[in-house]
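Topology and contacts: notes
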Amino acid sequence: MKYLLALSTALCLMAGAAQAADKKLTISVYSFAQDAFKKALYDPFEKICGCEIVVETGNSVERMAKIEANAANPVVDMAVMSSHDALALARKGLLQSLDVSKIPSHADLYKSAQDPIGNLMAVGYGFYATSIVYRSDLVTIDSWADLLSDKVKGRVALPNITGTQGPLTLHMLSKALGNEGIDFTKTIDAIGEKKDDIVTFYGRSSQLAQLMLQEEVIAAPVGRFAWSRFSGAKFPFKWAEPKEGQTGGMNVMLMTKGNGNEELAYQFMEYWLSNETQTRIAELKLDSPANSKVIVSDEIAESLTYGGELINSLNMLDSGAIIDNRDGWVDRWNEKVVN
Amino acid sequence: MFQNQREGLALALPAAIFTAALFLLPVGILLSEAFKVDGSWSLQGYIDFASKPLNQVVFLRTLKLGFLVALVSAVIGYACAFCIVNLDGKHRGRVFGLIVLPLMISPVARTYAWIVILGRTGIVNDAIVGLGLSETPIRLLFTETAVFLGLLQLFMPLMIISLVSAMENLPKDAVPAARVLGAKWLQVFTRVILPLTKDGLVLGGTLVFTGSLTAYITPAILGGSKVLMLETLLYQRVNVANDFVSAGIIATILIVMSFGANILLKRISSARS
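Residues numbered from 1 in each chain as written. Chains lettered and ligands numbered in written order. Predicted model: local features only at pLDDT ≥ 70, side-chain atom pairs only at ≥ 80, totals over all residues.

1. Considerations on the overall build of chain B
What counts is decided by this rule: In this text, helices come from DSSP runs of H or I with a minimum length of four residues, and strands from runs of E with a minimum of two, each type numbered from the N-terminal end. Whether two residues are in contact depends on their C-beta atoms, placed from the backbone: they are in contact if these lie within 7 Å.
Each helix and strand in chain B was counted, giving 13 helices and 2 strands. Structurally, chain B occupies a C-alpha span of about 75 × 70 × 35 Å along its principal axes. In chain B, the proportion of contacts linking residues at least 24 apart, taken out of those at least 6 apart, comes to 72%.

2. Notes on the overall build of chain A
Condition: Partly exposed residues are those whose C-beta has more than 12 but fewer than 20 other C-beta atoms within 10 Å; 20 or more makes a residue buried and 12 or fewer makes it exposed, with C-beta atoms placed from the backbone.
Counting its secondary structure elements, chain A contains 14 helices and 11 strands. Considered along the principal axes of its C-alpha atoms, chain A spans approximately 90 × 40 × 35 Å. Counting over 339 residues, chain A shows a buried share of 44%. For chain A, the share of sequence-separated contacts (at least 6 apart) that also reach a separation of at least 24 residues comes to 76%.

3. Regarding the domain arrangement of chain B
Residues and elements named next belong to chain B. We apply this condition: Each domain span listed reflects an automatic or database assignment of domains.
What the domain assignment reports for chain B is domain 1 (1–42) and domain 2 (44–272). The centre of domain 1, based on its C-alpha atoms, is set 31 Å off from the matching centre of domain 2. On the side of domain 2, 8 residues touch domain 1, which itself brings 6 residues to the contact.

4. Side note on unusual backbone geometry
All names here are of chain A. One non-glycine residue with positive phi stands out, namely Ala33, at about 50°. As for its position among the elements, Ala33 is in the loop between strand S1 (24–29) and helix H2 (34–49). Among the residues examined, Ala33 registers 16 C-beta atoms within 10 Å and is labelled partly exposed.

5. Brief notes about the nonpolar core
Operational definition: We define the nonpolar core as any set of buried residues of the types Ala, Val, Leu, Ile, Met, Phe, Trp, Tyr and Cys, connected via C-beta atoms lying within 7 Å of each other.
By size, the foremost hydrophobic cluster in this structure holds 96 residues, and its most contacted members are Val156(A), Ala157(A), Val217(A), Ala219(A) and Ala220(A). Top contributing element to this core by residue count: helix H7 (residues 144–168) of chain B, with 16 residues. Beyond its immediate stretch of four places on either side in the chain, Ala157(A) contacts Ile198(A), Val199(A), Thr200(A), Tyr202(A), Leu208(A), Leu211(A), Val217(A) and Ala220(A). If you look at the next biggest cluster of nonpolar residues, it comprises 52 residues, including Leu25(A), Leu41(A), Met121(A) and Val123(A).

6. Regarding the interface of chain B and chain A
Our working rule: Classification convention: Asp, Glu, Lys, Arg as charged; Ala, Val, Leu, Ile, Met, Phe, Trp, Tyr, Cys, Pro as nonpolar; all other residues, Gly among them, as polar.
On the chain A side, the residues contacting the 17 residues of chain B number 16 residues. Those elements giving two or more residues to the side of chain B that touches chain A turn out to be helix H3 (53–85) and helix H12 (230–239) of chain B. A total of 3 residues in the side of chain B that touches chain A trace back to one element, the largest contributor, which is H3(B). Here the residues of the side of chain B that touches chain A are counted per class, giving 7 nonpolar, 7 polar and 3 charged.

7. Quick word on the domain arrangement of chain A
Residue and element names in this part refer to chain A. Partitioning chain A into structural domains gives domain 1 (2–127 + 249–314) and domain 2 (128–248 + 318–336). Taking the mean C-alpha position of each, domain 1 and domain 2 sit 30 Å from one another. Between domain 1 and domain 2, the residue contacts involve 16 residues of the former and 16 residues of the latter. No other element matches the 4 residues that helix H4 (residues 83–91) contributes to the side of domain 1 that touches domain 2.

8. Some details on the environment of Asp142(A)
Residue and element names in this part refer to chain A. Counting through the fold element by element, Asp142 comes out in the loop between strand S4 (123–135) and strand S5 (156–159). For the pair Asp142 and Pro242, spaced 100 residues apart in the sequence, the C-alpha separation amounts to 4.7 Å. The contacts of Asp142, once residues within four sequence positions are left out, are Pro242 and Lys243.

9. Thoughts on the confidence of the model for chain A
For clarity, the threshold we go by: Across the chain, each position has a pLDDT score giving the predictor's confidence in that residue, from 0 to 100.
Of all residues in chain A, 94% attain a pLDDT of 70 or more, and the chain-wide mean is 92. Every residue in residues 11–20 of chain A scores below 50 in pLDDT, and together they form 1 contact with partners more than four places removed in sequence or on other chains.

Given below as structure tokens:
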């Protein structure tokens, strides 16, 4: 009898251990700073949940294509993306509406992050402001229209239309030039007329930082997440506060439809959005917090898109407008700017 | 070598299966998509591609830069190769080593060096301003000139190596004999050296031209989105638009251009002889 009891206890323990090892959450995230995210987010969560986090990275197009290809039997349980990419997936019916009662920190998020694409298909976890970084010893930038003015002629770079910053720049340039309409036709044409005065249309903020440190470029629009590349540099770079305001965007977290791993995914979302984790991530300057309860020092805040006043003032571009008009923008851009 | 043909085929079979399964089949599947519209075979994709002005500009730019890089490589390559084969053994080895050395360095490192050289504060602009050719630095980066220089530096060693190999087989007394008989240097080159080294030129020309057509890193870094070439456009179609059909069309065009260049060069060389 004793042997039988010992055997059944051992079997139970083995089954429990196997279950913990089987508890796995597959997430799809940006490739950016994954070592830091592992220490600040994934490792602590794995200890709490007794599970394994499988991290998949890649650019947005690859990650979206993978979610779409595996729609019938999702490989990815939870993903983080830009709000317009999330909306594109939602429109294809690949996401499930979130039950925010399972994410208590949801109530602490800034209002714009609570339901950014509608039907609770995603929640925001981080913001970024976009403005113009410039060499304050060589030029003064007061308006987005200055990007096309003679004072930065031959020394300005713009983000490529195919990246996240491209449409945001068009949005603010349109505002500055008084061009109405979401098709940005007049603004793209204006850039086309000045294309020879523009050094390049950059794809990555690291490329822009290199060009600015090499004195090739003295002004360019860039996301605040890249500000640390400039703030400690040998040249006096300044973050512009144009009269039209700053633009920006939001990154969101979402859950794939029918992944069967919802409980663990909710647990991870709550952990990521909690005050404690968002503060830790903010202090490491990995992401700007969407949780309004997060408090960081002025020094940390300087590198982030931080605080309700700033976040509420951002001239964001509607996610739906981006998806509906992107092909048209790219066609016009190819015709007038890179042709 | 083998007692029967079957033994030879059996030995070649693993390599053939490997190539077919891991190269020909996937490439075939990928490229076949470029010949389909709504599931049926069609060339409409190519017609649509060719009708877009941007694609026309990019195609002609790619062709032009490939041709120019091959042409200038051949001109400089002949001069270099002629010098190298006339050096004594010890010096020849050293110079040849210097020619080969860049091939051992990553194209990324080589291309990034051009960013420093061609930048506003680089040595080229320092020299231009210093010599009074321009009052302010001129923009060289993100121009066709920058891409041309990058590709030339990247592929010229291949032309030189091909021409050195061809010239080493040139009879030692062929050039002196032509000179003694009164031929001028241009005649020596066109009537003696060129016909006798045409195989090296065809090989080098094909390597340089196809290399220039298919290089990605150099046009991407030195040209960016302002100087799109077919290979950077292909990357953009896949990575930005997830458009594998356009990517397949561009890949097919690049393959056809590469084979076309090789056939053309062979025809030209055989026509001369």
